[in-house]
Amino acid sequence: FLFVCESGELYIAIFNLGEQFVDIDLPLAEIMPERKQEGSEEVIGMGNIIATTNFSYHCSGHEVWSNEETAILGDSLPSSIPPHGCRLFSLKCKF
């Protein structure tokens, strides 16, 4: 699940419906909102994939419930999710 605030902050929820821990590396390029230039105004919209060759970004943030800082490794968000659990991340990305 992805929610983009008007401020540009991203909230990403990752769910594990299984019976065992799941380790995941979520590629940020696959969930990043589309950024387009229209006239002199920048528009942020939801798209499937951002073209990382056209835009570069740096993200930092934290896991909301534990308030632990989130480590962004390269272009992915790593996480370990317990059985029947969920992680909610808040990311601020600079483009």
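Described below are features of the structure shown in this document. What you see is a predicted model; the values in this text were computed from it and never measured.

Our next topic: the overall build of the protein chain. When its secondary structure is counted, the protein chain shows 0 helices and 9 strands. The helix and strand sequence of the protein chain, counted from the amino end, reads β-β-β-β-β-β-β-β-β. Scored against the burial criterion, the 95 residues of the protein chain give a buried share of 33%. Counting only carbon and sulfur atoms, one obtains 52% of the accessible surface of the protein chain, whose full area is about 6,300 Å².

Moving on, we get to the sheet that holds strand 2 (residues 10-15). Ordered by their spatial adjacency, 5 strands build an open sheet running 1-2-9-6-7, and the pairing between neighbours is antiparallel. Edge positions in the open sheet fall to strand 1 (2-4) and strand 7 (69-70), since each of these has one partner strand only. When strand 1 meets strand 2, the two strands line up antiparallel, connected through 3 bridges. Residue pairing in the sheet places Phe3 in a bridge with Tyr11 of strand 2.

Below, the discussion takes up the environment of Phe1. On the secondary structure map, Phe1 appears in the segment before strand 1. Judged by relative accessible area, which is 64%, Phe1 ranks as exposed. As a C-alpha pair, Phe1 and Tyr11 span 10 residues in sequence and 8.0 Å in three-dimensional space. Excluding residues within four positions of it along the chain, Phe1 makes contact with Tyr11, Ile12, Ala13 and Phe15.

This next bit is on the layout of surface pockets. Volume-wise, the largest pocket comes out at about 180 Å³. Considering the residues around the largest pocket, the lining is formed by Glu63, Ser66, Glu68, Glu69, Thr70, Ala71, Pro78, Ser79, Ser80, Arg87 and Phe89. Looking at the lining of the largest pocket, the elements that each hand over two or more residues are strand 7, strand 8 (76-81) and strand 9 (86-94). Looking at which element gives the most residues to the lining of the largest pocket, the answer is strand 8, with 3 residues. Of the residues in the lining of the largest pocket, the class split is 3 nonpolar, 4 polar and 4 charged.

Our next topic: the side chain of Thr70. Structurally, Thr70 is set in strand 7. Within the structure, the side chain of Thr70 is placed 3.3 Å from the backbone nitrogen of His62, a separation counted as a polar contact. Non-local contacts of Thr70, meaning those with residues more than four positions away in its chain, are made with Gly61, His62, Glu63, Leu77, Phe89 and Leu91.

Here the focus is the pairing of strand 9. Summarising the sheet, strand 2 and strand 9 pair through 6 bridges and their orientation is antiparallel. Within the sheet, the bridge partner assigned to Phe15 lies in strand 9 and is Cys86. Pairing of strand 6 (residues 58-63) with strand 9 involves 6 bridges; the strand directions are antiparallel. Bridging across to strand 9, His62 finds its partner in Ser90.

Definitions and cut-offs
Residues numbered from 1 in each chain as written. Predicted model: local features only at pLDDT ≥ 70, side-chain atom pairs only at ≥ 80, totals over all residues. Heavy atoms only, no water. Helix = DSSP H or I, 4+ residues; strand = E, 2+ residues; numbered from the N terminus. Buried < 20%, exposed > 50% of the residue type's maximum accessible area, 1.4 Å probe, protein only. Areas by Shrake-Rupley, 256 points an atom, 1.4 Å probe, with all protein chains shown as cover. Pairing = 2+ DSSP bridges. Contact = heavy atoms within 4.5 Å. 1 Å grid on protein atoms, 1.4 Å probe; cavity = no way out; pocket = protein on both sides within 12 Å on 5 of 7 lines; lining within 4 Å. Points joined across faces, edges and corners; volume = space filled by probe spheres on them. Nonpolar A, V, L, I, M, F, W, Y, C, P; charged D, E, K, R; others polar. Polar contact = N/O pair within 3.5 Å; in protein donor to acceptor, adjacent residues only side chain to side chain.

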